[in-house]
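Report on the structure
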Amino acid sequence: MPEKSSPSPLRVALLGCGVVGTEVARGILQNPIDLAARVGAPVELAGIAVRSVDAVRVTDDGFVIPSELLTTDAEALVDRADVVVEVMGGIEPARTLIGRALEAGAAVVTANKALLAERGPELFEAADQAGVDLLFEAAVAGAIPIVRPIRESLAGDHVRRVLGIVNGTTNFVLDKMTTEGVELDQAVKEAQALGYAEADPTADVDGFDAAAKAAILASLAFHTRVALKDVAREGIRGVTAADVAWAKRTGHVIKLLAVAEVIGPVDDGDISVRVHPALVPDDHPLAAVRGAFNAVFVEADGAGPLMFYGQGAGGRPTASAVLGDVVSAARRRLTGGKGVRESKGQAFPVLPAEAAITRFQVRLAIADRPGVLAQVAGVLAEHGVSIDTVRQTSSHTEDQSGIANLVITTHAAREASLRATVDAVARLEPVRQIISVLRVEGS
Ligand code: HSE
């Protein structure tokens, strides 16, 4: 009997060799037998494109990347690959290299959320034209399998809402503020010391990273296209230790949430996509997400509530998601199958920020005398904003005598009505200060 010829190796080109890239390289180089068994053919790391070949690339625990794999000629590397893995980040040259790979018929795996959120439609179109996979499990919430479950497992259901803690740095910061009562600056410094936050923490603290992930999650969940510019974004810079303490007193915890939801009929509604700090009730599963962990809570018509939890960043966790996509793309390559294209079904209008509907908690300082509470309540009523709970605490300190703290939690209201209400309340003579306005989600 003639011997069965063994399948030729699938060549993987790795673009980028930072924290994630080194771990992806290790995953391919250290487990060739496992990988070949899972794919059905050997998987070969054809090379790693880097800016400079001089530096020694090594994982946190000392696995040294063979220097002969490093090259500065990314284009030549892409041209000889079956699967291109992009973990370099940024828009260029990642976009051009991915475009080149797709055009040449290679499958692409990327962890680049910013690129997908900004230029996703053109890349998906190119992948569709070429009939190849463009996979991106690692782009949202690191190790957590969330892209494939929403894209595939829930493709026969209707997702109504996604609430995600998708930025580990801000979750760490808010958790520190909650457990230790420190102010934001102090918590950010601790996050920097532990390597969670960058020296310039803007991308995390101001919600840009979470907004890119929100755009991707909304596009997947609603089979539509949501770009980064469609996401209303507010970071955590305004959150104070007092806000966190008040959240606790009212049975909540403050989280930076990515929210994507359908408003109106699930198959013909508008969608709202936003990132902002929110009060989450203590008994909601997202309230239990501590430290730098991520979680995504999905509400679907058929499936009901689902929660996905795990590590959202870091070399090995992110590489786990990348390697899963590499195996998936390599398997399809081996069977000669076409890549799975993105849904093209719907084009839901994305609502402007002021049309979003949420519950709010407004904390204000008022003069503590007869009729003031009724006055404030009257303004809410005039604007059609319904009150859920009111909590008043009088201050007994000498310098603040006669001042009461009022915490009003509303039923669901439009953002625009709420803003108009808060402006009108602020103009009332007995109102000394609007201390904070926070959205309430998950109740
Ligand atoms: N900086 C992100 C985070 C990880 O803190 O979750 C990469 O998206």
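These remarks concern the structure in this document. Computed from a predicted structure; not experimentally measured.

Another point: the site of the ligand. Within the structure, the ligand sits among Lys 113, Asn 167, Gly 168, Thr 169, Asp 204, Asp 209, Lys 213 and Ala 313. A distance of 2.9 Å is found between a nitrogen atom of the ligand and a side-chain nitrogen or oxygen belonging to Asp 204. One of the side-chain nitrogen or oxygen atoms of Asp 209 is found 2.9 Å away from an oxygen atom of the ligand. Protein contacts shield 81% of the accessible area of the ligand, which totals 250 Å² for the unbound molecule. Listed by contribution, the elements that provide at least two residues to the shell around the ligand are helix H7 (168-180) and helix H10 (208-222). Of the residues belonging to the shell around the ligand, the class tally is one nonpolar, three polar and four charged.

Moving on: the nonpolar core. Side chains of a nonpolar character, in soluble globular proteins, are inclined to be buried together. If you look at the biggest cluster of nonpolar residues, it comprises 81 residues, and the most contacted ones within it are Val 84, Ile 146, Met 177 and Phe 222. Setting aside residues up to four positions removed in sequence, Val 84 forms contacts with Ala 13, Leu 15, Val 78, Ala 101, Ala 106, Ala 107, Val 108 and Val 109. Residues Leu 10, Leu 35, Ala 111 and Ala 330 belong to the second largest nonpolar core, which totals 35 residues.

The next thing to look at is the packing of aromatic side chains. Here the structure, examined in full by the defined rule, presents three aromatic pairs. Aromatic side chains Phe 172 and Tyr 196 sit 4.7 Å apart centroid to centroid with 45° between the ring planes, which places their arrangement in the tilted category. Taken together, the residues Phe 172 in helix H7 and Tyr 196 in the loop between helix H8 (184-193) and helix H9 (202-205) connect sequence positions 24 residues apart. Phe 172 sits in the buried class, given a relative accessible area of 9%. Since its relative accessible area comes to 39%, Tyr 196 is described here as partly exposed. With a centroid separation of 5.1 Å and 5° between ring planes, the pair formed by Phe 293 and Tyr 309 is classed as stacked. Here Phe 293 is found in strand S11 (residues 293-300), whereas its partner Tyr 309 is found in strand S12 (residues 304-311), with 16 residues between them in sequence.

This part is about helix H13 (residues 372-382). When H13 is considered as a whole, its buried residues turn out to be Val 372, Val 376, Val 379 and Leu 380. Buried residues of H13 fall within an arc of 100° about the axis and therefore sit on the same side. What points out from H13, more than 90 degrees from its buried face, is the exposed set Ala 374, Ala 381 and Glu 382. Residues of H13 that are buried sit in contact with strand S13 (357-367), strand S14 (387-394), strand S15 (403-410), helix H14 (415-426) and strand S17 (431-440). Gly 384, located one to two residues past H13, shows a positive phi value of around 70°.

Turning to the pattern of salt bridges, a few remarks are in order. Tallying each qualifying case throughout the model produces 32 salt bridges. Between Glu 299 and Arg 161 there is a salt bridge whose closest N-O contact spans 3.6 Å. With a gap of 138 residues between them, Glu 299 in strand S11 and Arg 161 in strand S7 (residues 159-165) connect regions that are remote in the sequence. By relative accessible area, Arg 161 is classed as buried at 18%. Linked by salt bridges that have partners in common, Arg 161, Glu 261, Arg 274, Glu 299 and Glu 441 make up one network.

Our next topic: a nonpolar patch on the surface. Together, Val 56, Val 58 and Val 64 give the surface a local cluster of nonpolar side chains, amounting to about 270 Å² of exposed area. Assignment of secondary structure puts Val 58 in the loop between strand S2 (43-49) and strand S3 (70-71).

About the cut-offs
- Residues numbered from 1 in each chain as written.
- Predicted model: local features only at pLDDT ≥ 70, side-chain atom pairs only at ≥ 80, totals over all residues.
- Heavy atoms only, no water.
- Near = heavy atom within 4 Å.
- Polar contact = N/O pair within 3.5 Å; in protein donor to acceptor, adjacent residues only side chain to side chain.
- Areas by Shrake-Rupley, 256 points an atom, 1.4 Å probe, with all protein chains shown as cover.
- Helix = DSSP H or I, 4+ residues; strand = E, 2+ residues; numbered from the N terminus.
- Nonpolar A, V, L, I, M, F, W, Y, C, P; charged D, E, K, R; others polar.
- Core = buried A, V, L, I, M, F, W, Y, C linked by side-chain atoms within 4.5 Å.
- Buried < 20%, exposed > 50% of the residue type's maximum accessible area, 1.4 Å probe, protein only.
- Contact = heavy atoms within 4.5 Å.
- Phe/Tyr/Trp six-rings, centres within 6.5 Å; stacked < 30°, edge-to-face > 60°.
- Arc of directions from axis to C-beta.
- Salt bridge = Lys/Arg side-chain N within 4 Å of Asp/Glu carboxyl O.
- Patch = residues over 30% accessible without salt bridge, like charges linked within 9 Å, V, L, I, M, F, W, Y side chains within 5 Å.

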